Amino acid sequence: MATHVLQTGPKRPRRHVTLNEHLPVDHRLSTIYRVGAGLMGLVLLAFGILGLIDKIGFFDTGGDTVGGLNTNGALSVLSICVGLLLFVGMVIGGNFASTLNMVLGCAFILSGFVNLALLDTGLNFLAFRMPNVLFSFVVGILLMIFGMYGRVGSALPHDNPYWRARHTGQ
């Protein structure tokens with residue numbers, strides 16, 4: 001027989017917190033989100049531009065390198081687009097930059113795993129090699145750290161705007 005505890009008091013609705021629910025808009029952490037987006041955007045933009053300057057074929061997998069990482073035209077254009085997106089996040093700042101950093105950080109980590117699986121196959125059209133996979137993991141982790149800094153954690157100080165937004169009654 002199964003035993004269940006019955007609730008006898010009034011039911012409290014479960015509170016589901018989403019990333020942008022009642023978040024503070026203007027606070028000192030916005031600088032960290034902007035700096036993170038700007039630095040990572042600058043690195044990706046430089047990598048993409050240097051890859052395009054070498055006039056590498058768009059889907060060439062011949063092993064052309066820029067800064068120790070394999071590249072081709074498609075990866076260069078993709079890096080430029082993501083770098084520009086991070087610059088947009090840097091300009092907008094605030095919660096948008098934080099959320100963008102977290103989402104792109106997850107995308108970079110996922111890309112690292114996908115491209116790790118595609119190494120040495122015919123589907124490796126971005127010309128990834130192991131250094132590219134490691135770079136993707138590092139950029140993903142850094143973006144996630146920049147995006148989550150001061151926003152998530154079990155020991156946020158009580159003057160943190162995210163802690164105050166989650167604990168309005170205290």
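Data block above holds the structure.
Residues numbered from 1 in each chain as written. Predicted model: local features only at pLDDT ≥ 70, side-chain atom pairs only at ≥ 80, totals over all residues. Heavy atoms only, no water.

Q: How should helix 2 (residues 73–92) be read in this particular structure?
A: Spacing of three or four residues puts side chains on the same side of an α-helix, whose turn is 3.6 residues. In this model helix 2 runs 29 Å from its N-terminal to its C-terminal C-alpha over 20 residues, within 8% of the 28 Å that 1.5 Å per residue would give. All of the buried residues in helix 2 are Gly-73, Ala-74, Leu-75, Ser-76, Ser-79, Ile-80, Val-82, Gly-83, Leu-86 and Gly-89. Packed against the buried residues of helix 2 are helix 1 (30–53), strand 2 (69–70), helix 3 (94–118) and helix 4 (130–148). (Helix = DSSP H or I, 4+ residues; strand = E, 2+ residues; numbered from the N terminus. Expected span 1.5 Å × (residues − 1). Buried < 20%, exposed > 50% of the residue type's maximum accessible area, 1.4 Å probe, protein only. Contact = heavy atoms within 4.5 Å.)

Q: Which parts of the structure should I look at to understand the environment of Gly-73?
A: Tracing the backbone through its elements, the reader meets Gly-73 in helix 2. Using a relative accessible area of 2% as the deciding quantity, one classes Gly-73 as buried. In the structure, Gly-73 is positioned 13 residues away from Asp-60 in sequence and 7.4 Å away in space, judged by C-alpha atoms. Residues within four places of Gly-73 in sequence aside, it is in contact with Leu-52, Ile-56, Gly-57 and Phe-58.

Q: Just checking my understanding: could you explain the environment of Leu-116 for this structure?
A: Note that Leu-116 resides in helix 3. On the basis of relative accessibility, which here comes to 34%, the residue Leu-116 falls in the partly exposed class. Separated by 13 residues in the primary sequence, Leu-116 and Arg-129 place their C-alpha atoms 8.0 Å from one another. Residues in contact with Leu-116, not counting those within four places in the same chain, are Met-130 and Val-133.

Q: I keep staring at the side chain of Asn-101 and nothing clicks. Help me out?
A: Mapping Asn-101 onto the fold places it in helix 3. Residue contacts for Asn-101: discarding those within four places in its chain leaves Tyr-33, Gly-36, Ala-37, Leu-86, Leu-143, Met-144, Phe-146 and Gly-147.

Q: Got a minute to help me understand unusual backbone geometry in this structure?
A: Outside of glycine, negative phi angles account for most residues, and trans bonds account for most peptide bonds. If you check the backbone angles, Asp-120 has positive phi at about 60° while not being a glycine. Position of Asp-120 among the secondary structure elements: in the loop between helix 3 and helix 4. Asp-120 sits in the exposed class, given a relative accessible area of 74%. Even without a glycine there, the phi angle at Ala-127 is positive, about 60°.

Q: Whenever I open this one, the side chain of Ser-79 confuses me. Can you help?
A: Along the chain, the position of Ser-79 falls in helix 2. In this structure Ser-79 touches Leu-44, Leu-45, Phe-47 and Gly-48, once residues within four positions along its chain are discounted.

Q: Help me understand the packing of aromatic side chains, please; the structure alone is not making it clear to me.
A: The description of an aromatic ring pair rests on the distance of the ring centres and on the angle between the ring planes. Here the structure, examined in full by the defined rule, presents 2 aromatic pairs. Where Phe-47 meets Phe-135, the ring centres are 6.5 Å apart and the plane angle is 35°; that geometry is what we call tilted. Of this pair, Phe-47 sits in helix 1 while Phe-135 is found in helix 4, placing the two residues 88 residues apart along the sequence. Judged by its relative accessible area of 10%, Phe-47 is buried. (Phe/Tyr/Trp six-rings, centres within 6.5 Å; stacked < 30°, edge-to-face > 60°.)

Q: Please explain the environment of Ile-53 as it appears in this structure.
A: Structurally, Ile-53 can be placed in helix 1. For Ile-53, a relative accessible area of 56% corresponds to the exposed category. With 20 residues separating them in the primary sequence, Ile-53 and Gly-73 have C-alpha atoms 9.7 Å apart.

Q: Explain the packing of helix 1 against helix 3 here, please?
A: Relative orientation and spacing of two packed helices are given, respectively, by the angle between their axes and the distance between those axes. Look at helix 1 against helix 3: their axes get within 8 Å of each other, and the N-to-C directions meet at 45°. Considered as vectors, helix 1 and helix 3 are oriented oblique to each other. Here helix 1 runs over helix 3; the crossing is left-handed. In this structure, helix 1 uses Ser-30, Tyr-33, Arg-34, Gly-36, Ala-37 and Leu-44 to contact helix 3, whose residues at the interface are Gly-94, Ala-97, Ser-98, Asn-101 and Phe-108. Residue composition of the contact of helix 1 with helix 3, grouped by class: 5 nonpolar, 5 polar and 1 charged. (Axes fitted to C-alpha atoms, helices over the stretch in contact; angles between N-to-C directions. Parallel < 35°, antiparallel > 145°, perpendicular 65-115°, else oblique. Left-handed = near helix turned anticlockwise from the far one by under 90°. Nonpolar A, V, L, I, M, F, W, Y, C, P; charged D, E, K, R; others polar.)

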